[in-house]
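Architecture at a glance
Residue-level listing of the chains:
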Amino acid sequence: MSAMLYDYKRPGSGLLIITILGIRATLNDAGSFRDKLLEEIQNGYKVIIVNFERVEFIDSTFLGALVVGWKKINSLDGSLVLTNLNAKVKDTFTLTQLDKKITIAATIEDAILLFKAKN
């Protein structure tokens, strides 16, 4: 069973900010994270910001969960934005070339500015 927790902030206008509270985003949490992400998209959130400020490591299974969420929200003309990636986590996105698909912003504030610019 997953021990990772998430913090959800809903500042309005279809925007959701999910902060991952664990330091490792792995197979142990990927399924529950994917399910929650898809549920929030189904609930109408068009822009989801995932804050990685505490995450030190991400594995391929968790990357897969993000890709599933990205594909779903993208098909609905929404956006998935990742923020606060440390160098190691960002390298993982670069090596897999997911940084060319999923938007990465330096901070939550930068991600919100991207959201406002689109609307």
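Above this note sits the structure.
Computed from a prediction, not measured in an experiment: that's the story for all the values here. (Residues numbered from 1 in each chain as written. Predicted model: local features only at pLDDT ≥ 70, side-chain atom pairs only at ≥ 80, totals over all residues. Heavy atoms only, no water.)

Looking at the packing of aromatic side chains
- For the structure on display, the rule yields four aromatic pairs.
- Between Y6 and Y8, the aromatic rings sit 6.4 Å apart at their centres with planes inclined by 55°, giving tilted as the arrangement.
- For Y8, a relative accessible area of 25% corresponds to the partly exposed category.
- What links up through ring pairs into an aromatic cluster is the set Y6, Y8, F33 and F62. (Phe/Tyr/Trp six-rings, centres within 6.5 Å; stacked < 30°, edge-to-face > 60°. Buried < 20%, exposed > 50% of the residue type's maximum accessible area, 1.4 Å probe, protein only.)

Some details on the packing of helix α1 (residues 27-42) against helix α2 (residues 60-75)
- Following both chains from N to C, one finds α1 and α2 inclined at 10°, their axes separated by 8 Å at the closest point. Between α1 and α2, the crossing angle belongs to the class labelled roughly parallel. Of the residues in α2, those in contact with L27, D29, A30, F33, R34, L37, L38, I41 and Q42 of α1 are T61, F62, A65, L66, V68, G69, K72 and I73.
- A breakdown of the residues in the contact of α1 with α2 according to their chemical character gives 11 nonpolar, three polar and three charged. (Axes fitted to C-alpha atoms, helices over the stretch in contact; angles between N-to-C directions. Helix = DSSP H or I, 4+ residues; strand = E, 2+ residues; numbered from the N terminus. Parallel < 35°, antiparallel > 145°, perpendicular 65-115°, else oblique. Contact = heavy atoms within 4.5 Å. Nonpolar A, V, L, I, M, F, W, Y, C, P; charged D, E, K, R; others polar.)

Things to note about the pattern of salt bridges
- Following the criterion strictly, the structure yields five salt bridges and no others.
- One salt bridge connects K9 with D7, and the closest N-O pair in it is separated by 2.6 Å.
- The class for K9 is partly exposed, based on a relative accessible area of 47%.
- Where K36 meets E39, a salt bridge forms, and the shortest distance between an N and an O atom there is 3.3 Å. Taken together, the residues K36 and E39, both in helix α1 and three residues apart, mark about one turn of the helix.
- Several salt bridges share partner residues, and in doing so they unite R10, K36, E39 and E40 into one network. (Salt bridge = Lys/Arg side-chain N within 4 Å of Asp/Glu carboxyl O.)

Comments concerning the side chain of N51
- For N51, the location among the structural elements is in strand β4 (residues 47-51).
- Overall, N51 belongs to the buried group, its relative accessible area being 1%.
- Within the local environment of N51, its side chain forms a polar contact with the backbone nitrogen of E53, the two atoms lying 3.1 Å apart.
- Every residue in contact with N51, bar those within four places of it in the chain, is listed here: I18, T19, I20, T83, N84 and I108. (Polar contact = N/O pair within 3.5 Å; in protein donor to acceptor, adjacent residues only side chain to side chain.)

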